[in-house]
Amino acid sequence: MGPPHADEKETTQHIEELGGSQRQRVYVPGSPEEKALLRKIDMRLIPQVWLMYCMSYLDRANIGNAKVAGMEHDLNLTSDIALLVFFIGYMLGEVPSNMVLTRLKPSWYLPLLMLVWGGISMGLAGVQSWKTLSVVRVLLGFAEAGFAPGVMYLLASWYRKNELARRYCLFYSGSSISGALGGLLAGAITDNLEDAAGLASWRWLFLIEGSATCAIAIVAVFILPDFPLTTSWLSEDERWLAQARIEADNISATAEEGHWESFKSALSDWRTWIFTLAYMLVTGAQTIQYFIPTIVGTLGYKGTAAQYYTIPIYAVATAGIIVLSFSSDFCKERGYHLSGSTAFAAICFVILATVDNAKLKYAFVALAVGGIYAACPITLVWTSNVVSWPAEKRAITGAWVNALGNGASIYGSFLYPKQDGPKYVMGLSVTAAMMFAASINALVIKFATKRYPLRVPQVEDSLDDEKDRVSV
């Protein structure tokens, strides 16, 4: 047998120093042991966080279904303030939450967040005015804030760079699946629970979905892993191998820096800001999700039918997420995939703003939403791939990008005012412009990060084999 590969020697030496092991261990990429470990982690981690994210999006976006089901009339809603304020709490909570997560057990912390926001979601069933609705939505945003960036941090602590996009896309597909599920549930509840026990059907919507969230949170405590070196249901050899894999890819999974030093390092890095811009453009466009039931209604579908006709749109979005992310991992490339997806969505929005045929508009709504949804996970995975070290800086950068990106949803909430219906030319035009800008920005990021890569310890000696690299 020939001498060990350069990255194997570096990884072995580093892990032995961390673990204090006396026997020589060599990390061999693609070994049967590694494949078995990956299957074990995949089965425990991916389905659980996917289900949790389904409920996260269901609980934040069901306000759109509730409005169509009668909440708008019952609470005399005349603006989208309640929709907007969710993102205030969401922006404020993300970075502090990820800073805390680096020091705690994810198997407890993430389900705790879920339990809290599930309870708050159930509380929405009792609101009697738009003011109370707005306050509860702020709390809901704050409670949900730490989950998505926390999962991104957790996944990037377990998977190598060229494995991450397809895993994260499966997790992120929960957002589009929840859109379809939300329409299905809303239609069923509207049909069967109106005035049941004296409650309006939209109140039952919040009660049923919130209680399901709480139940799933309790189960998650017994399934989720912690970090590679601290997961109790792995053997010592499995923990060593899990840590060796990510160390070989220049990814840090242990927080060794102080909170303040990591925070300053993240915010002083230009990469943080260029990825923030990328995600702001994409998520600003993604606010169309809150108006899909309304837009579908303008095409002639009313009541329960409008709820059901949102389902195919989210099915297309799910397909877009999976196809683009798997292709990105397979090709080991991010920039052209993001640029192409957003350019495609921009063209679809231009067509939507200029045609009147209802069936044609419905088809291009589905395609446009698919392009947006596909772009979101690629942007976040790319951020984690580029800013991969040190661990807490990666956590803060990911949370910062996600927080300010979702902040774009604040002004995005005003893109589709009721008086602009049924064509919504302003909203569709602005969304098209954001997608064109996102496409150009992706090419700028690709050039800049390739020209000025992040320097990490031992990067010159690791990953010499080009097949393991992920191109920016």
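Refer to the structure printed above.
For clarity, every value in this text was computed on a predicted model and none was experimentally measured.

K.L.:
How should empty space enclosed by the protein be read in this particular structure?
P.N.:
Over the atoms rolls a probe the size of a water molecule, and its path tells where empty space is left. Evaluated as defined, the whole model comprises nine cavities of 30 Å³ or more. The computed volume of the largest cavity comes to approximately 140 Å³. What lines the largest cavity is a set of 17 residues, and nearest its centre among them are A61, N65, S178, G179 and Y314. Broken down by secondary-structure element, the contributors of at least two residues to the lining of the largest cavity are α2 (32–74) and α7 (161–192). Among the elements that line the lining of the largest cavity, the one with the most residues is α2, at six residues. Classifying every residue of the lining of the largest cavity by side-chain character gives seven nonpolar, ten polar and no charged. The space that makes up the second largest cavity amounts to roughly 100 Å³. In terms of lining residues, the second largest cavity is bounded by 14 residues, among which M152, Y153, S384, R394 and G398 are the most central. Looking at the lining of the second largest cavity residue by residue, the classes come out as eight nonpolar, five polar and one charged.

K.L.:
Whenever I open this one, the packing of helix α4 (residues 106–123) against helix α6 (residues 147–156) confuses me. Can you help?
P.N.:
Helix-helix packing is described using two parameters, namely the angle between the two axes and the distance between the axes. For the pair α4 and α6, interaxial distance at closest approach is 11 Å and the crossing angle is 160°. Considered as vectors, α4 and α6 are oriented roughly antiparallel to each other. In the crossing of α4 with α6, the sense of the turn from one axis to the other is left-handed. Contact residues: α4 offers P106, L110, L113 and W117, while α6 offers F147, G150, V151 and L154. Here the contact of α4 with α6 is composed, by residue class, of seven nonpolar, one polar and no charged.

How each quantity is defined
Residues numbered from 1 in each chain as written. Predicted model: local features only at pLDDT ≥ 70, side-chain atom pairs only at ≥ 80, totals over all residues. Heavy atoms only, no water. 1 Å grid on protein atoms, 1.4 Å probe; cavity = no way out; pocket = protein on both sides within 12 Å on 5 of 7 lines; lining within 4 Å. Points joined across faces, edges and corners; volume = space filled by probe spheres on them. Helix = DSSP H or I, 4+ residues; strand = E, 2+ residues; numbered from the N terminus. Nonpolar A, V, L, I, M, F, W, Y, C, P; charged D, E, K, R; others polar. Axes fitted to C-alpha atoms, helices over the stretch in contact; angles between N-to-C directions. Parallel < 35°, antiparallel > 145°, perpendicular 65-115°, else oblique. Left-handed = near helix turned anticlockwise from the far one by under 90°. Contact = heavy atoms within 4.5 Å.

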